[in-house]
Amino acid sequence: MPLASHAEGEPRAALIASAREALVRNDGIDAEMKLRRALARGASREQVAAYLGSAYLRQGDRARARKWLAPAAFTRDSAAEGFRVLAQLELSEGHLAAADHAYDRALQVTPRDAGLWVEIGRMRYRGGEHIAAIEAADHAIALDPRNVRALEFRGQLVRDRYGLLAAIPWFEAALAQAPEDLSVLGEYAATLGELGRGSDMLAVTRRMLKISGGNPRAYYLQAVLAARAGRYELARGLLARTRGKLDNQPSTLMLEAVLELAAGNEQTASELCEQVLERQPQNQRAGPLLARALFEGGQYRYLTIRFRDEIARADASPYILTLAARSFEILGDRVQAGALLDRAAMPERAGVRIVGQGNAIGSLMAQGRSQEAVAVASRAVEAEPGSYDNQSLAGDVQLALGNAGAAQQRYAAAARVRLPESLLLRRFEAYGAVNDLRGAAEMVAGYLLQNPGSRTALRLQAGLAARAGDAARAAAILDYLRRTGSEQDVQLLTDLALVRLGTGAPDAAADAAGQAYRLQRASPTAAQALALSYATLSIHRGAAVALLDKARRMLGDNPLLAEARVRLNREG
């Protein structure tokens, strides 16, 4: 009998079962065809509604999916699937409350479904109920310790909360259950890459490509690895192999911007950065990269206009201030250029933006209405105490008001969800405000244990070592940072010079201080470090005196300047 006529005579129950298998393969079109044949064989609407809705959703046809799912007319056997897919549909359209209601109805049917709890956890996380999301993940693991989706989700949450290294066992446990699961392999590879285990990451991506030839995420991750190594043409070729399937993701746009800038296509790079900032206004990498692309592309006037608000901030990025200053200088406005260079030379030491901009609390603080800001932040925490955003912002308000202890409590609650570098810096400042160096050191050491490649944490650790009198350790860390990408960081070079003086290496100190001063002659700290280096070496006495005077005018008298003057007077 021909295959076609055999299929035509297939009973409706078999067609529905075959359609469900197609959905497992993510083949929405095949599932739709089989379900339509089942309807023609006499299947009821209730028997196929859940699966047809799922088939249309997988095809991206939300309108037709809703026609089958919204009436919630499902059989007992398909109800859990129907409500679950309805929740996914609502989530895809941003209807969190409706999705929550649909998931509740699915739970009434299958309360012990670990996969369902994972979906609920992801929804809660997206809605800002971060602690509730963690609890959902824990519950899913308790229901089914081998569930791949639950293990993957727990790994992602652990990565955010504790760090990269802690997440590895969770992804490996998931892969032990499903060695060819591409989603988990992608998470595993990305985490290995962030840990600096490039060869291991490459091996995992090759495994992904063996399982799924042309897998776009595997090629993207390989492109990231190549770009980090400075092999931009290779990275460009690897990214092209994704065939545009990841083009709308901010991470892909950022990688493309880096590659375009490296190729000298500044206009294209700036356009890509703008796309990222449109979707993620707080992206901390896109802004500086955009400024660099505009400057290198000769768009000096536009750079000063585009970053006008950033420049006006008291805690503006020294990097952006410097680029804006150079732009004003090229445009002939030396007064504005000088003012910005002076500000860039004396940045806020911690570099922490205490209160996020663009929100009600930030506006209230800017207007000096601090008590109202405290009240708004407190109400937000009371309404959803499990929200990272609510807790961290409430901590920002307290830190801005000088209440370091209260800020630390809020930050600790936020860190139960995740500890990005921005929160690490704010917690470090809160520790410093109460002179709790031990607490700061333990926090930084723990962070580096999980995230050994964090340059921010390494910088903090160097500062702690210097304060503890361990100049050799501080110098080793700062020298490593200098050699691996911070050759243009004036403050780092200045710090390196000072700790090298502490290790009895004035020649090396003068080298670092001289490089810092050449990069930014307006920097009083660089001038001070170079003067102290000259005084220690007993050379260039006239230049050292001039540098000391320059530093004293901007910094006032301090022990370092006094020490340098004593040395110079002794030599004079």
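In case you missed it, the structure is sitting above this.
Residues numbered from 1 in each chain as written. Predicted model: local features only at pLDDT ≥ 70, side-chain atom pairs only at ≥ 80, totals over all residues. Heavy atoms only, no water.

Asks: Any chance you could explain the overall build of the protein here in plain terms?
Replies: On a plain count of helices and strands, the protein comes out with 35 helices and 0 strands. When each of the 572 residues of the protein is scored for burial, the buried share is 47%. Sequence separation of 24 or more characterises 52% of the internal contacts of the protein that already satisfy a separation of 6 or more. (Helix = DSSP H or I, 4+ residues; strand = E, 2+ residues; numbered from the N terminus. Buried < 20%, exposed > 50% of the residue type's maximum accessible area, 1.4 Å probe, protein only. Contact = heavy atoms within 4.5 Å.)

Asks: For this particular structure, what's the right way to read helix 33 (residues 524-537)?
Replies: Along an α-helix, a turn takes 3.6 residues, which lines up residues three or four apart on a common side. Helix length check: helix 33 (14 residues) gives 20 Å between terminal C-alpha atoms against 20 Å at 1.5 Å per residue, within 8%. Of all 14 residues in helix 33, 12 are buried; the element is thus mostly enclosed. Every buried residue of helix 33 is listed here: P524, T525, A526, A527, Q528, A529, L530, A531, L532, S533, Y534 and A535. Phi turns positive one or two residues past the end of helix 33, at S538, with a value near 60°. (Expected span 1.5 Å × (residues − 1).)

Asks: Please explain the packing of helix 26 (residues 404-415) against helix 27 (residues 421-433) as it appears in this structure.
Replies: When two helices pack together, their arrangement is given by the angle between the helix axes and the distance between those axes. The geometry of helix 26 relative to helix 27 is characterised by a closest axis approach of 9 Å and an angle of 150° between their N-to-C directions. As summarised for this structure, helix 26 and helix 27 are arranged roughly antiparallel, according to the angle between their axes. As for the relative orientation of helix 26 and helix 27, their crossing is left-handed in sense. Where helix 26 approaches helix 27, its residues A404, Q408, Y411, A412, A414 and A415 are matched on the opposing element by L423, R426, R427, A430, Y431 and A433. For the contact of helix 26 with helix 27, the residue count by class is 9 nonpolar, 1 polar and 2 charged. (Axes fitted to C-alpha atoms, helices over the stretch in contact; angles between N-to-C directions. Parallel < 35°, antiparallel > 145°, perpendicular 65-115°, else oblique. Left-handed = near helix turned anticlockwise from the far one by under 90°. Nonpolar A, V, L, I, M, F, W, Y, C, P; charged D, E, K, R; others polar.)

Asks: Teacher, can you tell me more about unusual backbone geometry here?
Replies: The bulk of non-glycine residues show a negative phi, and the bulk of peptide bonds are trans. The residue A72 is not glycine, and still its phi comes out positive at about 55°. Mapped onto the elements, A72 comes out in the loop between helix 5 (62-69) and helix 6 (79-92). A residue is classified by how much of its surface remains accessible, and A72, at 23% relative accessible area, is partly exposed. Within the chain, N435 stands out as a residue other than glycine whose phi angle is a positive 60°. Structurally, N435 can be placed in the loop between helix 27 and helix 28 (437-450).

Asks: Looking at this structure, how should I read a nonpolar patch on the surface?
Replies: There is a patch of nonpolar side chains on the surface, built from M346, M554 and L555 and spanning about 220 Å² of accessible area. Residue L555 is classed as partly exposed on the basis of its relative accessible area of 30%. (Patch = residues over 30% accessible without salt bridge, like charges linked within 9 Å, V, L, I, M, F, W, Y side chains within 5 Å. Areas by Shrake-Rupley, 256 points an atom, 1.4 Å probe, with all protein chains shown as cover. Salt bridge = Lys/Arg side-chain N within 4 Å of Asp/Glu carboxyl O.)

Asks: Help me out: how do you make sense of the packing of aromatic side chains in this one?
Replies: Aromatic ring pairs are reported here in terms of the distance separating the ring centres and the angle at which the planes meet. Under the counting rule described, the total for this entry stands at 2 aromatic pairs. Relative to F83, the ring of F74 lies with its centre 5.2 Å away and its plane at 90°, an arrangement referred to as edge-to-face. In this pair, the class of F74 matches that of F83, namely buried. Ring centres 5.4 Å apart and planes at 70° place the aromatic pair F295 and Y300 in the edge-to-face group. A cation over a ring is seen here: R154 above W170, with NZ or CZ 5.7 Å from the ring centre. The cationic tip of R306 hangs over the ring face of F307; the distance from NZ or CZ to the ring centre is 5.4 Å. (Phe/Tyr/Trp six-rings, centres within 6.5 Å; stacked < 30°, edge-to-face > 60°. Lys NZ or Arg CZ within 6 Å of the ring centre and 35° of its normal.)

Asks: How should the pattern of salt bridges be read in this particular structure?
Replies: Two side chains that carry opposite charge are able to pair once their charged atoms sit near each other. In this structure the tally under the stated criterion is 30 salt bridges. The partner of R149 in a salt bridge is E152, with the nearest N and O atoms 3.1 Å apart. Taken together, the residues R149 and E152, both in helix 10 (residues 148-161) and 3 residues apart, mark about one turn of the helix. Under the relative-accessibility criterion, R149 is labelled partly exposed at 33%. The exposure class of E152 is buried, given its relative accessible area of 3%. Two residues, R426 and D396, come together in a salt bridge whose shortest N-O distance is 2.6 Å. Taken as a pair, R426 in helix 27 and D396 in helix 25 (residues 388-400) lie far apart in primary sequence, 30 residues in all. With a relative accessible area of 8%, R426 lands in the buried category. A residue is classified by how much of its surface remains accessible, and D396, at 4% relative accessible area, is buried.

Asks: Explanation requested: helix 12 (residues 182-194) in the structure shown.
Replies: The end-to-end C-alpha distance of helix 12 is 18 Å, a good match for the 18 Å that 13 residues give at a rise of 1.5 Å each. Among all positions in helix 12, only V184, L185, G186, E187, Y188, A189, T191, L192 and G193 are buried. Contacts from the buried residues of helix 12 go to helix 10, helix 11 (164-177), helix 13 (198-211) and helix 14 (216-228). The backbone nitrogen of S183 has a side-chain oxygen 3.1 Å away, supplied by the residue at the start of helix 12, namely D181. G196, located one to two residues past helix 12, shows a positive phi value of around 85°. (Polar contact = N/O pair within 3.5 Å; in protein donor to acceptor, adjacent residues only side chain to side chain.)

Asks: Looking at this structure, how should I read the environment of A263?
Replies: Looking at the secondary structure, you find A263 in the loop between helix 16 (250-262) and helix 17 (266-279). When the C-alpha positions of A263 and E233 are compared, they lie 8.6 Å apart, and in sequence the two are 30 residues distant.

Asks: Sorry if this is basic, but what is going on with the packing of helix 12 against helix 14 here?
Replies: The N-to-C vectors of helix 12 and helix 14 enclose an angle of 5°; their axes lie 10 Å apart at closest approach. As judged from the angle between their axes, helix 12 and helix 14 are roughly parallel. Residues S183, G186, E187, A189, A190, G193 and E194 of helix 12 form the contact with helix 14, whose own contacting residues are R217, L221 and R228. For the contact of helix 12 with helix 14, a count of residues per class yields 3 nonpolar, 3 polar and 4 charged.

Asks: Explanation requested: the environment of A293 in the structure shown.
Replies: Mapped onto the elements, A293 comes out in helix 18 (residues 286-296). Taking the relative accessible area as the measure of exposure, A293 reaches 1% and is therefore buried. Along the chain, A293 and A13 lie 280 residues apart, while their C-alpha atoms are 60 Å from each other. Ignoring sequence-local partners within four residues, the contact set of A293 consists of L261, E266, A269 and S270.

Asks: Just checking my understanding: could you explain the environment of A286 for this structure?
Replies: With respect to the helices and strands, A286 occurs in helix 18. When residues no more than four places from it in sequence are discounted, the contact partners of A286 are M254, C273, V276 and L277.

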